[in-house]
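Descriptive structure summary
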Amino acid sequence: MYAKIIAIAALTLLASCGYLLPPNQTTNPPPALPAPNPTQPTWTIHQSIYDALEPGTGHIEISLAEQRLTLLNPDGIPALETDCSTGIPGKSTPTGSFRILEMIVDKRSNKYGQYVSKETGEVVAAQSWTVSKPPPGSQFLGTPMPYWMRLTWYGVGIHVGNFPRGQRSSFGCIRMPADLQPLLYEKCRLGTRVTIQ
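Below: a short report on this structure. (Residues numbered from 1 in each chain as written. Predicted model: local features only at pLDDT ≥ 70, side-chain atom pairs only at ≥ 80, totals over all residues. Heavy atoms only, no water.)

A few words on the environment of Gly 155. The residue Gly 155 is located in the loop between strand 10 (148–150) and strand 11 (157–160) in this model. As for Gly 155 and Cys 173, which are separated by 18 residues in sequence, their C-alpha atoms are 7.7 Å apart. Setting aside residues up to four positions removed in sequence, Gly 155 forms contacts with Trp 148, Arg 150 and Cys 173. (Helix = DSSP H or I, 4+ residues; strand = E, 2+ residues; numbered from the N terminus. Contact = heavy atoms within 4.5 Å.)

Counting 24 residues, the largest nonpolar core has Ile 60, Ile 62, Leu 69, Ile 158, Ile 174, Leu 184 and Val 194 as the members making the most contacts within it. The set of elements that each furnish at least two residues to this core consists of strand 2 (59–63), strand 3 (68–72), strand 4 (78–83), strand 12 (174–176), helix 3 (181–186) and strand 13 (193–196). The contact partners of Leu 69, leaving out residues within four places of it in the chain, are Ile 60, Glu 61, Ile 62, Leu 80, Glu 81, Thr 82, Cys 84, Ile 158, Ile 174, Met 176 and Leu 184. (Core = buried A, V, L, I, M, F, W, Y, C linked by side-chain atoms within 4.5 Å. Buried < 20%, exposed > 50% of the residue type's maximum accessible area, 1.4 Å probe, protein only.)

Glancing now at the pattern of salt bridges. Once the charged atoms of two side chains with opposite charge are near each other, the side chains can pair. Within this structure, the stated rule accounts for three salt bridges. One salt bridge connects Glu 102 with Arg 150, and the closest N-O pair in it is separated by 2.8 Å. Of this pair, Glu 102 sits in strand 6 (residues 102–104) while Arg 150 sits in strand 10, and the two are 48 residues apart along the sequence. By relative accessible area, Glu 102 is classed as partly exposed at 22%. A residue is classified by how much of its surface remains accessible, and Arg 150, at 9% relative accessible area, is buried. One network of salt bridges, with partners in common, ties together Arg 68, Asp 83 and Arg 165. (Salt bridge = Lys/Arg side-chain N within 4 Å of Asp/Glu carboxyl O.)

The next thing to look at is the layout of surface pockets. Of the pockets and cavities examined, the largest pocket occupies roughly 580 Å³. Within the residue set of the lining of the largest pocket, elements represented by two or more residues are strand 7 (108–117), strand 9 (138–144), strand 10 and strand 11. Tallied by class, the residues present in the lining of the largest pocket amount to 11 nonpolar, nine polar and five charged. (1 Å grid on protein atoms, 1.4 Å probe; cavity = no way out; pocket = protein on both sides within 12 Å on 5 of 7 lines; lining within 4 Å. Points joined across faces, edges and corners; volume = space filled by probe spheres on them. Nonpolar A, V, L, I, M, F, W, Y, C, P; charged D, E, K, R; others polar.)

We now examine the pairing of strand 2. For strand 2, the buried fraction is high: four of the five residues fall into the buried class. When strand 2 meets strand 3, the two strands line up antiparallel, connected through five bridges. Bridging across to strand 3, Ile 62 finds its partner in Leu 69. Between the antiparallel neighbours strand 2 and strand 3 lie four residues, among them Gln 67 with a positive phi of about 50 degrees. Pairing between strand 2 and strand 13: three bridges, direction parallel. Bridged to Ile 62 within strand 13 is Ile 196. (Pairing = 2+ DSSP bridges.)

Our next topic: the packing of aromatic side chains. This structure, assessed with the given rule, holds three aromatic pairs. When the centroid spacing of 4.9 Å and the interplanar angle of 70 degrees are considered together, the rings of Tyr 112 and Phe 171 count as edge-to-face. On the criterion of sequence distance, the pair formed by Tyr 112 in strand 7 and Phe 171 in the loop between strand 11 and strand 12 is long-range, its members being 59 residues apart. Phe 171 sits in the partly exposed class, given a relative accessible area of 30%. Taking the centre distance of 5.9 Å and the plane angle of 70 degrees together, the rings of Tyr 115 and Phe 140 count as edge-to-face. Taken together, the residues Tyr 115 in strand 7 and Phe 140 in strand 9 connect sequence positions 25 residues apart. With a relative accessible area of 13%, Tyr 115 lands in the buried category. Cation over ring: Lys 107 sits above Trp 148, and NZ or CZ is 5.3 Å from the ring centre. (Phe/Tyr/Trp six-rings, centres within 6.5 Å; stacked < 30°, edge-to-face > 60°. Lys NZ or Arg CZ within 6 Å of the ring centre and 35° of its normal.)

By themselves, these observations are geometric and do not establish any function.
Here you go:
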């Protein structure tokens, strides 16, 4: 008698937990976690090293082969590592040793951008560099380059820009993920050394 009561109680418990289902009914599997997007840039912040790094005392190394940027502390220990994107063939990023010459949070390009209508703001020419002269009634609107850090006086710098991971996509600049570039900018100063190889 007790065995029968225990068996009925066990079946009731299993049914209430969803283990016993009516005929022709199945449970839905848990939703799969989204797969990481291989085209999105990734980065690593070594938090204790980053936090201890005094602004202006570190240096930056950029690998063209790996499309990676690393911020190192004075002892050469990485504080921050990230995907970046450099110049396409024909507009390649220069190699060598550079110093940060200018830092502007809200920079816009004076070379690349769009022509927009002076009256309506509507885009008249989406790529300014593809037209020989400004369309009538238009004005130039430079492409945003947030958290700009200039490396050359002929227009190469490090700044926020969209790019697919592992691909060169700029006209010579070093494009950085929008969420990460402010953190790099915070640790740099005029004169910070940047090596590109």
